[in-house]
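Residue strings, one per chain:
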Amino acid sequence: KQEVLLADFDLDAGLIGFLMKSKSRYTILDAISNTHRLDANYWRALISNGMPRLQVIRAPGAMPQRPDPKPEDIHAVLHFVRFQYDWTVADLGRGLNPVVLSALEEVDEAYLVTTLDVPALHQVQQVLRSLVDIGYGSSRIRLLLNRVPKAPDVLPNELEGLLGIPVHSMLPEDHGALYEAYAEGQLLDSSSNLGRHLARLAAGTAGIQEQTPKKRFSLFSS
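Residues numbered from 1 in each chain as written. Predicted model: local features only at pLDDT ≥ 70, side-chain atom pairs only at ≥ 80, totals over all residues. Heavy atoms only, no water.

K.L.:
Summarise the sheet that holds strand E3 (residues 54-57); cite the residues concerned and give the values.
P.N.:
Spatial ordering of the open sheet is given by E2-E3-E1-E4, a layout of four strands whose pairing is mixed. Only two strands of the sheet have a single partner each, and these edge strands are strand E2 (48-51) and strand E4 (87-91). Averaged over all neighbouring strand pairs, the angle between strand axes comes to 25°, with direction disregarded. In this sheet, E3 lies alongside E2 in antiparallel orientation, the contact comprising three bridges. Across the sheet, the residue bridging to Ser48 is Val56, located in E3. (Pairing = 2+ DSSP bridges. Helix = DSSP H or I, 4+ residues; strand = E, 2+ residues; numbered from the N terminus. Axes fitted to C-alpha atoms, helices over the stretch in contact; angles between N-to-C directions.)

K.L.:
Tell me what's going on with the sheet that holds strand E5 (residues 110-114), and back it up with residues and numbers.
P.N.:
One open sheet accounts for three strands, arranged E5-E6-E7; its pairing is parallel. Each edge of the open sheet carries a strand with a single partner, namely E5 and strand E7 (167-172). Averaged over all neighbouring strand pairs, the angle between strand axes comes to 25°, with direction disregarded. Note: E5 against strand E6 (residues 141-148), five bridges, orientation parallel. Residue pairing for E6: Leu112 is matched across the bridge by Leu143. Its contacts with the sheet put helix H9 (residues 193-206) on E5, E6 and E7, and the angle it makes with E7 is roughly 155°. (Contact = heavy atoms within 4.5 Å.)

If you want it as structure tokens, here you go:
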């Protein structure tokens, strides 16, 4: 029961607006380009409501030309939203670029998401090495394995030896539940296998006790 912002800083893909069915014609670039106007009234004109207590600000997606955001403007936006919401979840896209590096300075925890494919793990190694080189503490990085099959070829302890950081969480492959959620424009069913794993991840991140569904009892049995 806290206020949450879902912010899309992935300026190349901009999928959050599509997935959350955002109706706003404004984007995170409007906030970054107008930090001199950034107050509560201006911010309300940029965002859209995803569901109760969840607000969304989308990214523009692919653009042939766009101005390069200034690091100080990205800092200003993230500093502003920190005081507007209890939680801010920011999608920083793939790889490392000036936008990501500027945003990382402001975030408390960075979730590095990867599958178990060899090319993906190779990229994770490169990202981790680059973050260490610029002085970003590994204690702030959470390694999250996505689309994990029931019988993975690589075990978490083997990955820790390969990458140098422990596996924080593993999310199972659940294509059917995701497809249904995308098609209907709804959040993932919390009772699905992936939904339960995400609820556990969110509860751990927020430091709260995970809510478990109440058991149903019947007076009759067959």
